[in-house]
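Examination of the molecular architecture
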Amino acid sequence: MLVPIFTLKLNHKINPRMVTIGKFDGIHPCLTAATQAGKVFIHNPHMRGQRQAAHRLSQSAQDSDISLLNINQAVSCLTAGTLGPNTTGDTLLVGTQTNLLAYDVHDNADIFYREVTDGANAIVLGKLGNIESPLAIIGGNCALQGFDFEGNDQFWTVTGDNVRSLVLCDFTGDGKNELLVGSEDFDIRVFKEDELVSEMAENETVTSLCHMHGSRFGYALANGTVGVYDRTARYWRIKSHSSLCHIHSRSGSGWKLPPKGTDWWNSDRTGEVIFKDNFSSSVAGVVEGDYRMDGQIQLICTSVDGEVRGYLPASKEMKGNLMDSSVEQDLIRELSQRRQNLLLELRNYEENAKQAVPGISDGDTQMGVIPANTQLQTALSVRAATESQKAHIELSISTPNETIIRAVLIFAEGIFEGESHVVHPSSQNLSGCVRVPIIPPKDIPVDLHVKAFVGGKSSTQFHVFEITRQLPRFSMYDLHVDPESPQPTGKVTFTINDRPQRVVMWLNQNFLLPEGIDTPDVTFTSLRDGGLLNISMLSTSGEITLNTDDIDLAGDLVQSLASFLAIEDLQAEADFPTYFGELRTTLTEVDEYHSVHQKLTAAIADHSNHIRNMLVQAEDARLMGDMKNMKKRYIELYDLNRDLINEYKIRSNNHNALLACLKSVNQAIQWAGRLRVGKPKNQVITACRDAIKNNNVNALFKIMRAGTASS
Amino acid sequence: MEINLNRIDYLQVGVTSQKTMRLLPAVGRKATQKVAVADYDGVITCFGMKKGEAVPVFKTLPGQKIARLDLGGAIGTPQEKIFVCAGSEVKGFTKKGKQFLSFEANLTESINAMHVSGADLFVCASYIYNHYCDCKDQDYYLSGDKINDIVCLPAENLGRIVPVLACQDRVLRVLKGSELLYDIEVPGPPCVLELYNRDGGTNGEDILYGTIDGKLGLIRITDSSSSSKWEIGNEKKKGGVLCMDTFDIMGDGVKDILVGRDDGTVEVYGFDCSNEPTLRFEHVLSESITSIQGGCVGKESYDEVLTATYTGWVTGLTTEPQQAEAGPGEEVKMSRETQSKVASLRAELDQLQMKVLQGREKYQQTSQSSTAVSAVPMFSVNDKFTLCQDDASYSLALEVQTAIDNLLLQSDVPIDLLDVDKNSAVVSFSECDSEQPNGNFLLATYRCQANTTRLELKVRSIEGQYGTLQAYITPRLQPKTCQVRQYLIKPLSLHQRTHAIDQDRPMNTLSLVGQFSFAEIHSWVVFCLPEVPEKTPAGENITFYFQNTFLGTQLEATYCKGESHFKSDNISTISILKDVLSKEATKRKINLNISYDINDDSVGHTLKMIHPKLEYQLLLAKKVQLIDALKELQVHEGTADFLIPEYRNILDEAAYLLEEYKKQPAHLERLYGMITDLFIDKFKFKGQNVKTKVSLLLEILDNYDLDSLMNFFNEA
């Protein structure tokens with residue numbers, strides 16, 4: 001239970017998720033948030049009117065408590081904390097799509113300003129692993145980078161997709177922090193420095209992560225799910241109505257913040273809602289700090305409209321009042337509710353027993369009476385593409401008798417647009433069999449929770465059959481092979497010390513096979529792109545070869561097989577000629593975009609100088625009363641301005657293209673890593689990174705193929 | 001004046017219908033009152049509270065579903081006899097639970113409203129009103145639309161009993177004998193009537209009414225006329241009023257109005273010095289409040305508001321302060337009474353659990369047998385599908401006696417599902433290909449959070465597109481079943497009944513002549529328009545008036561056997577009617593002679609009606625667009641003084657503008673759609689297809705100006 005203790009109106013919009021609190025002078029906590037148009041504001045109610053405007057910082061004319069910091073670029077993330085040694089106050093770190101700024105608010109000076117090509121979507125400040133100095137770690141497009149107080153790049157690695165959330169937490173329990181990364185490919189990855197320790201697959205973009213205590217951390221997804229993991233095991237999760245933007249945790253409890261303007265407070269043990277409060281607009285973020293300087297830590301909640309509320313946990317005597325006797329009332333109510341439910345269920349059975357005597361009256365058609373031995377049959381099968389339908393997995397559900405299936409609801413995470421898929425035939429097409437086409441977009445194992453409404457044709461009440469079927473990980477692969485389709489050129493080869501039977505077991509579990517197979521040598525057709533996938537194993541040496549053109553798929557297969565066989569380290573040789581060819585082109589493109597970028601930057605600087613001159617000339621002309629010249633100058637200025645805007649557009653396009661290329665390069669490194677397991681995997685990633693740093697393209701490909709740089 | 005009421009749950013009975021709980025008058029010096037409540041299972045439970053526990057006085061055997069419960073007794077004596085109506089039967093019980101009356105009213109339909117006064121009994125069954133005195137038939141009246149409730153002004157002051165019927169067609173009908181004295185229009189379909197101050201006020205002439213769309217008011221009814229004393233609107237879009245009572249809960253000597261609504265809101269209205277009702281207290285229970293009454297039940301000398309909810313909870317909101325002993329540590333100590341209560345409940349639960357397990361096993365066994373059938377009794381669903389006047393959308397409320405697990409919505413017409421803030425269920429839209437033979441336009445699932453017994457949704461329809469919306473409700477109850485409910489989206493779905501229209505508007509007329517009966521044409525009208533009684537009206541011919549809730553255009557429908565006329569100032573309305581009626585007639589192979597008289601002025605008139613709405617919306621959209629930019633400027637410059645007044649004004653009103661803008665999403669698109677329909681329909685009647693010109697029209701709308709739009713309509 002919490003009690004609100006103060007509210008403020010700041011009159012500034014606040015960007016969601018970009019709120020922090022920092023003691024910039026070492027004593028007074030200041031609420032700091034990113035606002036629209038590339039500004040950061042600092043709310044400092046403690047030192048009224050003592051500051052002078054200078055450099056980046058300017059006092060807001062409206063409100064003396066607020067200072068504005070001009071970033072001149074859209075801010076994408078923000079944090080504050082201790083970065084360097086021997087600094088009195090906290091350092092403010094502001095990330096944009098291209099740069100990272102470390103700023104000393106107290107001294108009003110930049111500490112460093114670094115260009116980060118991969119952008120900064122998320123930022124976290126703290127100690128990581130064995131690295132001594134605290135790092136500012138930013139997550140961008142597939143890349144993670146850590147900077148120390150001098151702006152030196154101390155840490156770099158790649159991850160699967162665009163990073164959306166970061167948190168530092170002692171995941172392994174060794175007293176050192178690991179980095180947890182939530183990304184757009186629905187995964188939470190744990191990095192022990194640059195080594196990937198574990199991966200947890202979720203079913204939506206991971207929008208927020210927070211450390212709770214020990215090895216426990218909370219996460220939030222874009223679809224409104226919030227939950228807690230203890231290491232790799234999920235503790236609990238619940239899904240809410242509105243999507244979440246930020247979670248925060250404190251002394252074993254966590255906030256989750258749906259943008260609809262509500263705060264919920266979850267206990268970490270059960271996931272119960274402890275406290276709820278409504279804002280009139282979306283919540284931008286939650287921080288904690290001693291904002292009243294009275295020794296108590298408050299929770300401070302901000303809404304996007306600039307409303308700020310502070311909360312304190314209710315004191316003991318308050319608690320008595322707030323909780324009143326509703327606890328016992330609730331208990332009694334809950335028990336009575338359960339009693340009522342049981343009574344109703346009992347009544348159902350009793351009535352059913354009465355009906356069970358054969359002899360059907362008129363009322364039965366409405367009630368949806370079905371034979372008691374009705375059981376649903378379900379079957380999963382792979383269907384190749386036809387003229388009218390794309391290739392899909394077919395789930396067929398049928399009843400054994402004359403009853404019909406009115407509708408089928410399938411609840412499953414991550415494979416449909418929403419969380420459910422419905423098949424509702426029109427009343428003319430009712431039958432005892434329903435076929436549901438399923439096309440999972442990714443290779444993930446999915447539990448299908450099927451609810452089928454079974455009854456008579458004119459029933460208004462139906463029996464609900466609930467069945468759970470599991471869709472294996474690699475279900476979109478068909479054993480039927482078109483002999484004319486070209487053989488894949490890409491391949492991965494690695495050796496395992498296991499019997500072929502174990503591989504066969506893995507195949508049977510992870511692929512959708514009509515009848516089991518008994519040899520590890522199989523060929524599949526991918527239903528997504530029609531490409532072939534060849535798996536073969538030499539039983540003598542244990543060498544497995546995967547033939548496919550899809551490097552991502554190859555990586556998935558290697559990872560899945562390795563975890564099935566519990567292999568810790570696996571080295572592999574790979575060759576994907578087509579893909580490597582594309583990558584080579586991309587790398588040249590990156591160079592081109594870089595040079596274009598530099599050229600454009602120079603041109604723009606040139607133009608801005610022109611504008612400055614022109615403006616001075618025009619104003620001179622105005623003061624001299626030379627209207628003709630003034631007009632001329634302003635017309636020129638107008639043209640120049642237009643040019644500048646056009647140039648900006650070109651630059652922005654160029655930048656976006658560059659970002660896309662860089663993302664695919666990062667992804668390539670990640671995929672190359674995923675072809676190996678354990679140590680070899682990390683070696684590949686580090687070696688690739690070095691190759692890119694040194695601009696050694698040939699070495700890069702060599703590493704990707706062989707797994708090591710040497711030899 | 002503040003009042004603090006604390007909630008106490010007394011007990012739970014079966015599902016209850018409206019007005020089925022009453023407090024018996026206090027006996028002798030004992031101050032606490034007994035409660036009588038009747039439920040769907042036909043059981044009347046009468047209980048009193050002793051030391052915090054509900055002690056039953058009596059409980060009757062199950063029977064037919066009880067629709068109403070009333071108290072009566074000889075005039076001048078305490079009103080402590082309990083009367084209930086179940087099916088077409090009225091039963092009377094003494095306060096001890098002895099049945100003394102069983103009266104079969106011999107009606108074909110079951111009774112849904114009842115009033116008892118002395119030896120007089122008044123019952124209503126959908127359209128029929130009957131008055132019995134000493135169980136002998138007295139008066140009879142057939143109403144034009146469904147009767148929702150009845151109340152009678154007491155005989156003491158007027159010399160005779162005056163029954164007042166609340167009818168679905170937005171009127172209160174005042175009767176005299178078997179004749180209609182006069183009728184009173186109220187702002188919405190009334191669904192509950194109550195005597196003010198329980199006796200009709202000082203002159204016994206005042207009655208309170210509550211409507212389905214959440215409005216309430218006080219009306220004074222005299223011999224020849226009526227006057228409205230006050231009216232409370234429903235700006236906050238709360239639920240419909242289901243029950244009311246007058247009771248001085250504030251303890252200030254002035255009687256307050258207690259109101260229970262179908263969204264679970266309990267309200268107390270007090271009166272200030274100017275005798276205007278003001279809201280004093282509000283509490284939200286999670287389910288429909290079916291009955292409400294003020295009195296004293298739990299503890300002597302503490303008044304309370306007693307409510308009964310749809311799922312059968314009898315709950316009190318008491319003035320008794322709740323003292324909680326905050327024990328050592330975190331836990332709050334439970335009182336001994338509650339502890340014993342909890343213990344007995346737990347014991348009962350264990351027993352039930354055993355029984356249920358046995359039942360489950362038996363049920364499982366039957367699935368082995370090839371002859372047995374599985375039939376689960378229907379669970380009751382309380383549903384309401386109503387048109388909201390303010391934003392011209394439908395609201396669908398569903399309530400089940402146990403928690404809802406999930407809800408599937410399916411529609412074969414294009415409709416929009418709107419987000420409702422109150423709703424905590426997780427919505428998921430499934431893709432549906434409308435061209436396929438399945439013809440689904442909307443498939444959505446709602447997965448409910450635990451303990452949701454009530455769901456509210458909002459649906460926006462398009463006039464001219466008609467079909468059915470189906471809701472499949474699955475409660476969390478084993479064996480799992482689901483029930484389907486169907487809701488018709490009528491062709492003229494946005495129309496609403498009114499009682500008078502403006503005759504001066506330029507009207508278009510559609511006339512149908514053919515070999516159809518009165519019943520047939522009536523059924524077609526029912527098919528096309530909402531709020532028309534299903535029963536064919538008495539008499540030779542009938543006229544209904546309607547208003548379009550979105551545009552404010554009107555429709556007059558007059559028809560009799562073999563002939564019908566529809567008049568509307570909106571050409572689109574006429575066009576829709578023409579299409580639907582001719583289709584219906586063809587279906588039944590009836591030859592129709594359709595003629596229409598199109599008034600060209602009507603199009604201009606409708607456009608002028610739309611104009612202020614459209615202009616306002618366009619301006620609003622424009623202003624809202626500017627807000628962010630202006631705010632940015634203000635922040636940058638530190639002041640807004642340099643802006644022109646117009647912009648400064650926008651900044652000042654920013655909050656209000658945003659709120660207005662949020663209120664009616666897609667309003668502009670809907671207006672555009674209607675103008676486009678108007679355009680197409682106008683030329684359709686002239687036999688021209690102008691669909692190719694629609695893009696031109698949209699261009700004009702983008703740079704809207706009334707004159708150019710009018711010109712376009714005239715020239716094209």
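In the nomenclature of an unreviewed UniProt entry, chain B is known as Bardet-Biedl syndrome 7 protein homolog of Esox lucius. The UniProt entry for chain B carries the following text under Function (unreviewed entry): "The BBSome complex is thought to function as a coat complex required for sorting of specific membrane proteins to the primary cilia. The BBSome complex is required for ciliogenesis but is dispensable for centriolar satellite function." Turning to chain B, the UniProt annotation filed under Subunit (unreviewed entry) states: "Part of BBSome complex."

Taking an unreviewed UniProt entry as the reference, chain A is identified by name as Bardet-Biedl syndrome 2 protein homolog belonging to Esox lucius.

The next point concerns the overall build of chain A. Helix and strand content of chain A: 9 helices and 43 strands. When each of the 711 residues of chain A is scored for burial, the buried share is 56%. Accessible surface for chain A amounts to roughly 31,000 Å². Of this, 49% is attributable to carbon and sulfur atoms.

All names here are of chain A. Each assigned domain of chain A is listed with its residue range as follows: domain 1 (95–313), domain 2 (377–471), domain 3 (477–567) and domain 4 (577–706). The partner domain 2 presents 4 residues to the 5 residues of domain 1 that form the contact. When the buried area of domain 1 at its contact with domain 2 is split by residue, Phe186, Asn203 and Lys239 rank highest and sum to 70% of it. Linking domain 1 with domain 2 are 0 salt bridges. Our enumeration of links across domain 1 and domain 2 arrives at 1 residue pair in polar contact (both at pLDDT 80 or more). A class-by-class count of the residues in the side of domain 1 that touches domain 2 yields 1 nonpolar, 2 polar and 2 charged.

Frequently, the measure chosen for interface size is the accessible area that the parts lose on association. Counting residues at the interface gives 73 residues for chain A, matched by 86 residues for chain B. Of the roughly 7,700 Å² buried where chain A meets chain B, counting both sides, 56% is carbon and sulfur surface. On the surface where chain A and chain B come into contact, there are 6 salt bridges. Between chain A and chain B we count 18 residue pairs in polar contact (both at pLDDT 80 or more) in total. Ranked by residues supplied to the side of chain A that touches chain B, first place goes to helix 2 (residues 326–355) of chain A with 23 residues.

Before going further, it helps to examine the environment of Asp600 of chain B. All names here are of chain B. With respect to the element layout, Asp600 can be found in helix 5 (residues 600–637). A C-alpha to C-alpha distance of 72 Å links Asp600 and Met49, two positions 551 residues apart in sequence. The contacts of Asp600, once residues within four sequence positions are left out, are Lys682 and Lys686.

Residue and element names in this part refer to chain B. Relative to each other, helix 5 and helix 10 (residues 706–715) sit at 155°, their axes nearing to 11 Å. Taken together, helix 5 and helix 10 sit at an angle that is classed as roughly antiparallel. Where helix 5 crosses over helix 10, the handedness of that crossing is right-handed. For the pair formed by helix 5 and helix 10, the contact residues are Val603, Gly604, Leu607, Lys608 and His611 on the first element and Leu706, Leu709, Met710 and Phe713 on the second. Of the residues assigned to the contact of helix 5 with helix 10, the class counts are 6 nonpolar, 2 polar and 1 charged.

So, on to the pairing of strand 41 (residues 541–548) of chain B. All names here are of chain B. Burial of strand 41 is one-sided: the residues Ile542, Phe544, Phe546 and Asn548 facing one way are buried, the residues Asn541, Thr543, Tyr545 and Gln547 facing the other way are not. Where strand 39 (residues 495–498) lies against strand 41, 4 bridges are found, and the strand directions are antiparallel. Looking at the pairing, Gln496 lines up with Gln547 of strand 41. Of the strand pairs in this sheet, strand 41 and strand 42 (residues 554–560) are connected by 7 bridges, and their pairing is antiparallel. Bridge pairing in strand 42 places Thr543 opposite Thr558. Taken together, strand 41 and the strand that follows it, strand 42, pair antiparallel across an intervening segment of 5 residues, in which Gly552 is found at a positive phi of about 85°.

Moving on to the packing of aromatic side chains. All names here are of chain A. All told, the structure shown has 32 aromatic pairs over all chains when counted by the stated rule. Look at Phe474 and Trp506: their rings are 6.4 Å apart centre to centre, the planes differ by 65°, and that puts the pair in the edge-to-face class. In this pair, Phe474 is assigned in the loop between strand 37 (461–471) and strand 38 (477–478) and Trp506 in helix 4 (residues 500–510), connecting sequence segments 32 residues apart. In this structure, Phe474 and Trp506 share a single accessibility class: buried.

Any two side chains of opposite charge can pair, on the condition that their charged atoms come close. Residues and elements named next belong to chain A. Per the counting criterion, the structure on display carries 58 salt bridges over all chains. Between Arg642 and Asp639 there is a salt bridge, with the nearest N and O atoms lying 3.4 Å from each other. With a gap of 3 residues between them, Arg642 and Asp639 both fall in helix 7 (residues 627–674), about one helical turn apart. Taken together, the shared-partner salt bridges connect Asp185, Asp187, Arg189, Glu199, Asp556 and Arg674 into one network.

Attention now goes to the sheet that holds strand 26 (residues 289–295) of chain B. Residue and element names in this part refer to chain B. One open sheet accounts for 4 strands, arranged 1-28-27-26; its pairing is antiparallel. Bordering the open sheet on either side are strand 1 (6–12) and strand 26, each of which pairs with just one other strand. The average angle at which neighbouring strand axes cross in this sheet is 20°, direction not considered. With 6 bridges joining them, strand 26 and strand 27 (residues 304–309) adopt antiparallel strand pairing. Along strand 27, the bridge assignment pairs Ser291 with Ala308.

Read across the open sheet, the 9 strands follow the order 34(A)-33(A)-36(A)-37(A)-38(B)-37(B)-32(B)-35(B)-34(B); overall the sheet is antiparallel. At either margin of the open sheet sits one strand with a lone partner, and together these are strand 34 (420–423) of chain A together with strand 34 (426–429) of chain B. Each strand of the sheet is rotated relative to its neighbour by a mean of 25°, with strand direction disregarded. Inspection of the sheet shows strand 34 of chain B paired to strand 35 (residues 442–447) of chain B by 4 bridges, in the antiparallel sense. When the sheet's bridge partners are listed, Ser428 of chain B is paired in strand 35 of chain B with Thr445 of chain B.

It is worth spelling out the UniProt feature "domain: BBS2 hairpin" (unreviewed entry) in chain A at this point. Those places that UniProt annotates as "domain: BBS2 hairpin" (unreviewed entry) correspond, in this numbering, to residues 577–674 of chain A. Measuring from the first to the last C-alpha atom of residues 577–674 of chain A gives 17 Å, for a span that is 98% helix and 0% strand.

So, on to helix 8 (residues 667–685) of chain B. Residues and elements named next belong to chain B. For helix 8, with 19 residues, the first-to-last C-alpha span of 27 Å sits near the 27 Å given by 1.5 Å per residue. With 15 of 19 residues buried, helix 8 lies mostly within the body of the structure. A positive backbone phi angle near 80° is found at Gly687, which sits one or two residues after helix 8.

For a regular strand, side-chain orientation follows a simple rule: the groups alternate between the two sheet faces. Residues and elements named next belong to chain A. In terms of burial, strand 41 (residues 532–538) is a largely internal element, 5 of the 7 residues being buried. Pairing of strand 40 (residues 522–526) with strand 41 involves 4 bridges; the strand directions are antiparallel. Its bridge partner being in strand 41, Phe524 is matched across the sheet by Leu533. Counting the residues between successive antiparallel strands, the hairpin from strand 40 to strand 41 contains 5 residues, one of them, Gly530, with a positive phi of roughly 80°. In textbook terms, the turn of a hairpin is the stretch between consecutive antiparallel strands, and for strand 41 and strand 42 (residues 543–547) this stretch comprises 4 residues, one of which, Gly542, has a positive phi near 75°.

Before going further, it helps to examine the UniProt feature "domain: BBS7 helical hairpin" (unreviewed entry) in chain B. Per the UniProt record, "domain: BBS7 helical hairpin" (unreviewed entry) is found at residues 600–713 of chain B. End-to-end, the C-alpha atoms of residues 600–713 of chain B are 10 Å apart, and along that stretch the chain is 81% helix and 0% strand.

Further remarks concern the environment of Ser420 of chain A. Considering the arrangement of structural elements, one finds Ser420 of chain A in strand 34. Along the backbone, Ser420 of chain A and Leu69 of chain A are 351 residues apart, and their C-alpha atoms lie at a distance of 46 Å. Setting aside residues up to four positions removed in sequence, Ser420 of chain A forms contacts with Ile410 and Phe411 of chain A together with Ser428, Phe429, Ser430 and Thr445 of chain B. Polar contacts involving the side chain of Ser420 of chain A include one to the side chain of Ser428 of chain B, which spans 2.9 Å. At a separation of 2.5 Å, a polar atom in the side chain of Ser420 of chain A contacts the side chain of Thr445 of chain B.

Segments scoring low in pLDDT should not have their predicted coordinates read at a detailed level. Residue and element names in this part refer to chain B. Taken over all residues, the pLDDT of chain B has a mean of 85, while the share at 70 or more is 96%. Least confident of the elements in chain B is helix 1 (residues 155–158), whose mean pLDDT is 74; most confident is strand 3 (residues 35–38), at 92. Contacts of residues 324–332 to residues separated by more than four positions or lying in other chains number 14 contacts, the stretch itself having pLDDT below 50. At the level of chain-chain contacts, confidence expressed as ipTM amounts to 0.81, with global pTM at 0.81.

How each quantity is defined
Residues numbered from 1 in each chain as written. Chains lettered and ligands numbered in written order. Predicted model: local features only at pLDDT ≥ 70, side-chain atom pairs only at ≥ 80, totals over all residues. Heavy atoms only, no water. UniProt positions renumbered as here; feature names shortened; annotations may be inferred. Helix = DSSP H or I, 4+ residues; strand = E, 2+ residues; numbered from the N terminus. Buried < 20%, exposed > 50% of the residue type's maximum accessible area, 1.4 Å probe, protein only. Areas by Shrake-Rupley, 256 points an atom, 1.4 Å probe, with all protein chains shown as cover. Domains from an automatic or database assignment. Contact = heavy atoms within 4.5 Å. Buried area = accessible area lost by both parts, 1.4 Å probe. Salt bridge = Lys/Arg side-chain N within 4 Å of Asp/Glu carboxyl O. Polar contact = N/O pair within 3.5 Å; in protein donor to acceptor, adjacent residues only side chain to side chain. Nonpolar A, V, L, I, M, F, W, Y, C, P; charged D, E, K, R; others polar. Axes fitted to C-alpha atoms, helices over the stretch in contact; angles between N-to-C directions. Parallel < 35°, antiparallel > 145°, perpendicular 65-115°, else oblique. Left-handed = near helix turned anticlockwise from the far one by under 90°. Pairing = 2+ DSSP bridges. Phe/Tyr/Trp six-rings, centres within 6.5 Å; stacked < 30°, edge-to-face > 60°. Expected span 1.5 Å × (residues − 1). pLDDT = per-residue confidence, 0-100.

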